[in-house]
Amino acid sequence: MEAHNITSLVLLACGSFNPITNMHLRMFELARDHLEDTGQYRVVKGIISPVSDGYKKKGLIEASHRLEMARLATENSDWITVDSWECLQPEWVETAKVVRHHHEELLSAARNNDDVDTVKHTKKRRIDENYLGVSSHQKRRDGPQLMLLCGADVLESFGKPNMWKQEDIAEIVGRYGLVCITRSGSEPNKFIHQSDMLWKYRKNIHMVHEWVANDVSATHVRRALRRGQSVRYLLPDPVVHYIQECDLYSAESEQKNADVVLAPLQRYTDASSS
């Protein structure tokens, strides 16, 4: 395919990252391989955006720790970065607003011909080289495209009552696009078929199958840590060391927010009943 048809693309992953695992990082690599293999995209950047403490998920430790672990996990990556905007918000911010924020940042950076980022200078230079390596005629007039990167569990959560606003789903999938990494045992294509909203925007959903079975989840990692079991090779070594140094993830921490309603359920349930 000719160069002028290639779209520069930024991948954004939102989530708890509690803690960040090797599978979270693998999602970026899998997505980049899949998208670039289509000949339509060049993935120039990945952004990890940890959710704020205001999400109120059970067992969610402080954002400062989750942010630092994500930074440690990506310190050797030349294209995956960590952004603190979402996790520093005093209240939970809807994912659609987070996607919108990062898209506006990209547009501003494109206009100023300068990548807006918070990573260290050396990584920023490498990312800039990736970004600027796409000649101007390869870029869209409005700058690089942004897509939300997620697992099949997020896709399926679109169907849970009071978890998402329908207009937010339409904006995320219809305007920006979704890259979904499948997990073993998930049936995302079936879910898309059953959802009128997702079916409408199905061409904006890129399904990526992970053929190497890997069911590592943060939930399993926290359970192992509570029981004093090793989690090495499930997480990047610097993250393992950080968890040990800060004595994170105990039976006590897992009960945090246990009696609190998850932020979206609280917000949307109240809205629907008022």
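This text goes with the structure placed above it.
These numbers were taken from a predicted model, which means no experiment stands behind them.

> Explain the layout of surface pockets to me, please; I cannot follow it from the model alone.
Regions of empty space are outlined by a rolling probe, equal in size to a water molecule, passed over the atoms. Approximately 1200 Å³ is the volume attributed to the largest pocket. Lining of the largest pocket is provided by 46 residues; of these, Gly15, Ser16, Lys57, Asp153 and Val154 occupy positions nearest its centre. Taken together, the residues that form the lining of the largest pocket break down as 23 nonpolar, 12 polar and 11 charged.

> Mind showing me how you'd approach the packing of aromatic side chains here?
Aromatic rings considered in pairs are described by the distance between their centres and by the relative angle of their planes. Under the defined criterion, the tally for this structure stands at 4 aromatic pairs. Ring centres of tryptophan 92 and tyrosine 268 lie 6.1 Å apart, and the angle between their planes is 70 degrees; on these two criteria the pair is classed as edge-to-face. With tryptophan 92 in the loop between strand S3 (80–82) and helix H3 (95–112) and tyrosine 268 in helix H12 (residues 263–273), this pair connects stretches of sequence that are 176 residues apart. Both residues of the pair, tryptophan 92 and tyrosine 268, count as buried. Geometrically, the ring pair formed by phenylalanine 158 and tryptophan 164 is edge-to-face, given 4.7 Å between the ring centres and 90 degrees between the ring planes. Like phenylalanine 158, the residue tryptophan 164 is buried in the burial classification. Grouped by ring-pair contacts, the aromatic residues Tyr55, Trp92 and Tyr268 constitute a single cluster.

> Any chance you could explain the nonpolar core here in plain terms?
In globular proteins that are soluble, nonpolar side chains generally tend to be buried together. In this structure, Leu11, Ile20, Ile48 and Met69 are the most contacted members of the largest nonpolar core, which totals 43 residues. Other than its neighbours up to four places away in sequence, leucine 11 contacts Phe28, Ala31, Arg32, Leu35, Val43, Lys45, Gly46, Ile47, Trp79, Met147 and Val179. Val99, Leu155, Phe158 and Tyr268 belong to the second largest nonpolar core, which has 34 residues in total.

> Would you mind going over helix H6 (residues 166–176) with me for this structure?
Each α-helix turn comprises 3.6 residues. Residues three or four places apart therefore point the same way. Of all the residues in H6, the buried ones are Asp168, Ile169, Ala170, Glu171, Ile172, Val173 and Tyr176. Two residues or fewer past H6, glycine 177 is found with a positive phi of approximately 115 degrees.

Thresholds, definitions, all that
- Residues numbered from 1 in each chain as written.
- Predicted model: local features only at pLDDT ≥ 70, side-chain atom pairs only at ≥ 80, totals over all residues.
- Heavy atoms only, no water.
- 1 Å grid on protein atoms, 1.4 Å probe; cavity = no way out; pocket = protein on both sides within 12 Å on 5 of 7 lines; lining within 4 Å.
- Points joined across faces, edges and corners; volume = space filled by probe spheres on them.
- Nonpolar A, V, L, I, M, F, W, Y, C, P; charged D, E, K, R; others polar.
- Phe/Tyr/Trp six-rings, centres within 6.5 Å; stacked < 30°, edge-to-face > 60°.
- Helix = DSSP H or I, 4+ residues; strand = E, 2+ residues; numbered from the N terminus.
- Buried < 20%, exposed > 50% of the residue type's maximum accessible area, 1.4 Å probe, protein only.
- Core = buried A, V, L, I, M, F, W, Y, C linked by side-chain atoms within 4.5 Å.
- Contact = heavy atoms within 4.5 Å.

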